[in-house]
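Tertiary structure, described
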Amino acid sequence: MVSIPDSAQVVVIGAGIVGSSIVRHLAELGWRDILLVDKGPLPEPGGSTDHASNFVFPVDHSREITELTLDSLRQYRALGVLTERGGIEVARTPERLQELRRRMSSAAAWGVEAELIGPARVRELMPHIREDLLLAGFHTPTGAIDDASAPRSSCAPGPRSAGH
């Protein structure tokens, strides 16, 4: 166990991808008195980051979260831990198709590349899927997979090298 200082300018709780990214951003902005704490041993403390799916879909239900996600994708790309393969959400019911149309409208309004595709195109992109079960698919070519532990590891050296 490491001793904890009596005070710090800022304390970040959680050393997963979000906490580590916050520490990195603060260090880049010149903050020097930062304490990062977690319940488990680093670099894999066992929190939400460790059991997340690692798939990043660029369109979310709100503009703010979509912008945050797009910024995360840019950061993962810069860190070299992003594998962009595209993503597809499928609709098997009319209600789900309505949701995908809504997401398509959001993507268009927020400048995210996306398209509503038919079952044949879904199967072309995902050969193992049963096309006969589908009504449509919502495809984003920038959907990606990140290595959750790699960004966390690559975020940590910045603060350490800044004297933390």
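Residues numbered from 1 in each chain as written. Predicted model: local features only at pLDDT ≥ 70, side-chain atom pairs only at ≥ 80, totals over all residues. Heavy atoms only, no water.

**Comments concerning the nonpolar core**
Spelled out, the test is: Side-chain atoms within 4.5 Å are what join buried Ala, Val, Leu, Ile, Met, Phe, Trp, Tyr and Cys residues into a set we call a nonpolar core. Throughout this description, buried means an accessible area under 20% of the type-specific maximum (1.4 Å probe, protein chains only), exposed means over 50%, and partly exposed covers the range between. Elements are defined by DSSP. Helices are runs of H or I of four residues or more, strands are runs of E of two residues or more, and each kind is numbered from the N terminus. By the convention used here, residues are in contact when the closest approach between their heavy atoms is within 4.5 Å.
Core analysis: the biggest nonpolar cluster contains 10 residues, these being Phe-57, Val-59, Ala-91, Leu-97, Leu-100, Ala-107, Val-112, Ala-114, Ala-136 and Phe-138. Counting residues per element, the ones that place at least two in this core are helix 3 (94–110) and strand 7 (136–140). Per element, the largest residue contribution to this core is three residues, and it comes from helix 3. Excluding anything up to four places from it in sequence, Phe-57 contacts Thr-69, Gly-87, Ile-88, Glu-89, Arg-103, Phe-138 and Thr-140. The next biggest cluster of nonpolar side chains, apart from the first, holds seven residues, and it includes Val-56, Tyr-76, Leu-82 and Ala-144.

**Overview of the environment of Gln-9**
Inspection of the secondary structure puts Gln-9 in the segment before strand 1 (10–13). Sequence separation between Gln-9 and Trp-31 is 22 residues, and the spatial gap between their C-alpha atoms is 8.2 Å.

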